Amino acid sequence: MTTSNGAPILNKNDVLTTGVRGTILMQDVVFMDEMAHFDRERIPARVVHAKRAGAHGYFEVIHDITKYCKADLFSKIGKQTPLFLRFSTVKGEMASADTVRDLRGFALKFYTEEGNWDLVGNNSPIFFILDPILFPNFIHTQKRNHQTHLKDANAAWEFFSLRPETLHQMMHLFSDRVMHGFGSDTFKMINAEGVPVYVNFHFKTKEGIKSLKPCEATRIGEDPDFYIRVGDEHSAENCPFNAFDVTKIWPKGEYPLIPVGKLVLNKNPLNYFAEVEQAAFCPAHIPGIEFSPDRMLQVSLTPPLEKEVNLFNGRIFSYNDAHFHRLGPNKNQLPINCPFRSRAFNTQRDGVASYNNQGAAVNYHPNSINGPQEVKCAKIVGDRIAAGDYLNFDQPRVFREKILCEEGRKNLVANIVDGCHCALPFITDRLIQNFEKVHPDFASMTRKALEEKRKCTKEEKHASSL
Ligand code: HEM
């Protein structure tokens, strides 16, 4: 047995005191270590879906869907991708009963070779609300009353009565029809040729639909098969209702389920807190897949659906924000969240509990040393448009020519050289190329001053080493 810094513990039954009836000593580092950590054991619970269980497993492709999707995990039949799945109830607190009537969360983290894909779904293909701004208030109506801390039938049923879009999900919830897994939101898949389809993800349990009866803890389905339902932009446009409305179901006749593969759960977590509680699923993590105009998720600017454009970042914003609150800025470095089959390589550094601080790699972009580079093939819909007009040399030229006097121009060069002579030569060469575009004299003066400075520095170093 050791303390948290690895020092052996001789006695963990008695505190260190000034005598049998004496006071405890501050120097009892074993006690301090134990108590200070205990005081900080609890982290904020999830604001929804706090009650939980998790399992590890894998997803295996059984049917080819490459005509719909270029994501690597679907790239060939037989391909297996490890995953972690967290089941949850929605409204209850961490110690609440499993058996309450409630939706069940079905959150998946696929550890793909392109980075982690989080599909944060429920056991229902639809949801109560269509607009994310209603979510916090809707959830308040489902939780305990803030005054009495008891369940509040008025709040829940008033919300249902005031917002008719809740009717569909409410009727599902109060029926027996709820035990598969669904991605619920509509996403977009793009194939290698760039052809898009809109998609719903369905996981059908092999155990069939089983209803939870009050006071009956039933195991939730394992080994679900995985299906998708797809529709193209044209059919989305002609759909009699908003095809991206998560309170509606796509009609089975028009959008049949397309089988994809099987999802197998075959390993229990070894450590509840490390794996289940610290797991963080985020609908914004969708490598190889894209967002649709589903308002609960996010915006799409793809024609011909411009009219669907909205400015909400519903779930895409909320989950990440919650993870910052619960787990801190390095949440994705935790083993359960770490994209171990790809690699997080970026310019993020430090923050509380930075375990992988990316060694000596440079922490700025752009860079030409050994830092992260952009991945050209990672383009998705939408453009990142540079705001600059690229007239980068005109005003510097005016400044040098018109504002600085001759002495000022010399000082400018001397000061720059003072600052940059220690930088690698390929970096100063590039700097001088830019100076050239301001004025050839600026470049030649800098080149000359730099050579002299470097020569002097070399000689000084040599002299001091003698
Ligand atoms: C968890 C927000 C709609 C499924 C959460 C959490 C937040 C959140 C803040 C806690 C995250 C954490 O601390 O790790 C929202 C908002 C929604 C929304 C703002 C609407 C705009 C939905 C919908 C679904 C869903 C439609 C189902 C498709 C889940 C699941 C979890 C969750 C399964 C638990 C994830 C886990 O096991 O860690 N949601 N949610 N949510 N949400 Fe939502």
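With an unreviewed UniProt entry as reference, the protein is termed Catalase domain-containing protein, source organism Pristionchus pacificus. Under the Sequence similarities (unreviewed entry) heading, UniProt states for the protein: "Belongs to the catalase family." Its UniProt record gives the protein a comment under Cofactor (unreviewed entry), which states: "heme".

Novice: Would you mind showing me how to read the site of the ligand here?
Specialist: H49, G105, P132, S184 and A322 are the nearest of the 29 residues found near the ligand. Listing elements by their share of the shell around the ligand, those giving two or more residues are β2 (80-89), β3 (104-112), β4 (115-122) and α7 (315-327). Per-element accounting of the shell around the ligand gives the leading share, 6 residues, to α7. Considering only residue class, the shell around the ligand consists of 15 nonpolar, 9 polar and 5 charged.

Novice: I would appreciate a short explanation of the UniProt feature "active site" (unreviewed entry) in the protein in the present structure.
Specialist: Mapped onto this numbering, the UniProt entry gives "active site" (unreviewed entry) at H49 and N122. The annotated residues occupy 74 residues of the chain but converge on a single region, no pair of C-alpha atoms lying more than 10.3 Å apart. Position of H49 among the secondary structure elements: in the loop between α1 (29-39) and β1 (52-61). The class of H49 is buried, set by 22 C-beta atoms lying within 10 Å. Among all residues touching H49, those that are not within four sequence positions of it are S88, V90 and G105. Examined against the element boundaries, N122 turns out to sit in strand β4.

Novice: Hey, could you run me through the nonpolar core in this one?
Specialist: Among the nonpolar cores identified, the biggest contains 54 residues, and F74, L83, F110, M189, V199 and F281 are the most heavily contacted of them. Those residues within four positions of F110 in sequence are excluded, and the remaining contacts are F59, L73, T81, L83, N116 and W117.

Novice: Teacher, can you tell me more about the domain arrangement of the protein here?
Specialist: For an interface, size is often stated in terms of accessible area lost upon the parts coming together. Per the domain assignment, the segments making up the protein are domain 1 (52-123 + 177-210) and domain 2 (394-465). Each of domain 1 and domain 2 has a C-alpha centre, and these two points are 58 Å apart.

Novice: What am I meant to see in the UniProt feature "binding site: heme" (unreviewed entry) in the protein here?
Specialist: The UniProt feature table records "binding site: heme" (unreviewed entry) at Y319. Relative to the helices and strands, Y319 resides in helix α7. Once residues lying within four places of it in the same chain are set aside, the contact partners of Y319 are V120, F281, C282, P283 and A284.

Novice: Would you explain the environment of T186 in this entry?
Specialist: Looking at where T186 falls in the secondary structure, it is placed in the loop between β5 (181-182) and β6 (187-190). For the pair T186 and F31, spaced 155 residues apart in sequence, the C-alpha to C-alpha distance is 53 Å.

Novice: What exactly am I supposed to notice about the pairing of strand β7 (residues 196-204) here?
Specialist: Each regular strand displays side chains that alternate between the two surfaces of the sheet. Buried residues dominate β7, accounting for 8 of its 9 residues. In this sheet, β7 lies alongside β5 in antiparallel orientation, the contact comprising 2 bridges. Each bridged residue has a counterpart across the sheet, and for F182 the counterpart in β7 is H202. Here β6 runs beside β7; their pairing, made up of 4 bridges, is antiparallel. Its bridge partner being in β7, I190 is matched across the sheet by P196. Hairpin connection from β6 to β7: 5 residues lie between these consecutive antiparallel strands, with G194 at a positive phi of about 85°.

Thresholds, definitions, all that
Residues numbered from 1 in each chain as written. Predicted model: local features only at pLDDT ≥ 70, side-chain atom pairs only at ≥ 80, totals over all residues. UniProt positions renumbered as here; feature names shortened; annotations may be inferred. Near = placed C-beta within 6 Å. Helix = DSSP H or I, 4+ residues; strand = E, 2+ residues; numbered from the N terminus. Nonpolar A, V, L, I, M, F, W, Y, C, P; charged D, E, K, R; others polar. Buried ≥ 20, exposed ≤ 12 C-beta atoms within 10 Å, placed from the backbone. Contact = placed C-beta atoms within 7 Å. Core = buried A, V, L, I, M, F, W, Y, C linked by C-beta atoms within 7 Å. Domains from an automatic or database assignment. Pairing = 2+ DSSP bridges.

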